[in-house]
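Close look at the chain arrangement
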Amino acid sequence: MSAENSADFDLVIVGAGMAGAALALAVADLPIKVALIEAQAVREGWPAIDDSVFDYDARVSALTESSRGFLDELGAWSDIVSRRACAYTDMEVWDGEGTGRIHFAASEVKRAALGHIVENRLINASLINGLRENARVKCFFGMPVETMDRQQGLISLKLAGGKLVRSPLVVAADGANSKIREWAGFVTREWDYHHHAIVATVETESAHKNTAWQRFLPEGPLAFLPLSDAAGEQRYCSIVWSVKPDIAEALMSLGDDDFCRELAAKFEHRLGSVVACSRRFSFPLRQRHAADYVSDGVVLLGDAAHTIHPLAGQGINLGFQDAMALADECRRACERGLSLSDTGVLNRYQRRRKGGNLAMMAMMEGFQHLFETPAMPLRLLRNTGMRWLDSALPLKRQIIAKAMGLSDKP
Ligand SMILES: Cc1cc2nc3c(=O)[nH]c(=O)nc-3n(C[C@H](O)[C@H](O)[C@H](O)COP(=O)(O)OP(=O)(O)OC[C@H]3O[C@@H](n4cnc5c(N)ncnc54)[C@H](O)[C@@H]3O)c2cc1C
């Protein structure tokens, strides 16, 4: 292998999705050589933005205050918010099978917003633009890792086109179906939700009032997430509709008019009729959690470590918390003159992240079962519970703070 076709780094991140790109930017100023490898070609600059139901990215994230703060520290937030992000001030959750309802308001925790709904393509573009400006991280874009080997304490990654990249520490940020995780022999616990999520952008008759809406139905949750538009009419929402695979297939095969009618009816016409819908996408939902996040110089991050039901919109928020913790541990290691692949350094990262991720996944699992069951005693319990919780302000404040990724104190 010629010298120009191989390169050595202190840290290699595989995957420039939101989690991997955020980690790369967070460690960019450390005195180490960092590489970021991405399978897909990455466009330069910003995507053009147009206020039409067909223009929004169908994949959006409900960013917590903690994630927003992290993006701000990375210098990525102001460019996003100046383009398009919707601050939501309220959240309305109700049981499709009864009278239970909870309303969360940012004013209850003396905040301006509960969070922001942002298109994934804008988050990614801002992080990648930041990396291009910083120029300290070597980026290999459009070059998927094809094989992984270990030799004398170094991990060698062969990229498409033949380039060889070596490092004592490789971060797998290559998503839910991570190849790096598989090649490194990590054990995962996985279970199928037997659900598919249909996502799309819709235009509604009435304004969304900067509220995130979620109706729990026996067949799965249906969310309308508010999107921002230049005219301020508030009539675009991103929907996430989680249903059994056969129902998803039937919904995907409907014509647009029939789909819009079905969607508005399931949503109890809370925002009037659904007047237009973008192209729809359907994803199978699997929950997955790696038994360990760290093994022999390989570290799992974001969806490569854990994938979670989208009902609480926590997936990338957990991924950003992973990135914050790992960047922090890398910084500490540099300050103390420790190798980044030091077992103590990596185990600290695992200790900081695994418990919190597992707790969030268990909570989502519990929610899903609670709302899926048609049994009368549980229906009564959850309806009474929701009404009671709606009136229990101190407890509601704690839940809001947790969901915003803040400490429990308002
Ligand atoms: C329907 C739906 C709705 C969701 N809504 C929300 C929400 O509201 N809020 C929220 O927080 N989360 C949400 N999520 C979850 C969120 O989208 C994911 O948690 C997040 O995108 C994961 O980011 P990541 O960077 O870890 O992985 P990914 O985004 O999957 O990125 C992995 C990257 O690795 C690259 N890659 C893969 N293999 C290789 C290889 N061999 N070599 C090099 N590169 C490679 C890929 O090209 C990709 O760019 C939702 C998920 C779904 C399915």
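Residues numbered from 1 in each chain as written. Predicted model: local features only at pLDDT ≥ 70, side-chain atom pairs only at ≥ 80, totals over all residues. Heavy atoms only, no water.

You'll find the chain entered in an unreviewed UniProt entry as UbiH/UbiF/VisC/COQ6 family ubiquinone biosynthesis hydroxylase, with Zhongshania arctica given as the organism. Reading the Sequence similarities (unreviewed entry) entry of the UniProt record for the chain gives the comment "Belongs to the UbiH/COQ6 family." Per UniProt, the comment on the chain under Pathway (unreviewed entry) is "Cofactor biosynthesis; ubiquinone biosynthesis." (UniProt positions renumbered as here; feature names shortened; annotations may be inferred.)

Some words on the sheet that holds strand 10 (residues 145–151)
Pairing between sheet strands relies on hydrogen bonds along the backbone, with the strands arranged either parallel or antiparallel. Strand order in the open sheet formed by four strands is 1-12-11-10, with mixed pairing between adjacent strands. Edge positions in the sheet fall to strand 1 (6–8) and strand 10, since each has one partner strand and no second. With direction set aside, neighbouring strand axes in the sheet form an average angle of 20°. (Pairing = 2+ DSSP bridges. Helix = DSSP H or I, 4+ residues; strand = E, 2+ residues; numbered from the N terminus. Axes fitted to C-alpha atoms, helices over the stretch in contact; angles between N-to-C directions.)

Here's the deal with unusual backbone geometry
Phi is mostly negative for residues that are not glycine, and the peptide bonds are mostly trans. Unusually for a residue other than glycine, Lys209 sits at a positive phi of about 55°. Within the secondary structure, Lys209 sits in the loop between strand 14 (188–204) and strand 15 (211–217). One non-glycine residue, Glu268, adopts positive backbone phi at about 55°. Mapped onto the elements of the fold, Glu268 is located in the loop between helix 7 (256–266) and strand 18 (274–277). For Glu268, a relative accessible area of 37% gives the class partly exposed. (Buried < 20%, exposed > 50% of the residue type's maximum accessible area, 1.4 Å probe, protein only.)

Quick word on helix 8 (residues 315–336)
End to end, helix 8 covers 32 Å across 22 residues, agreeing with the expected 32 Å (1.5 Å per residue, within 8%). A positive backbone phi angle near 70° is found at Gly337, which sits one or two residues after helix 8. (Expected span 1.5 Å × (residues − 1).)

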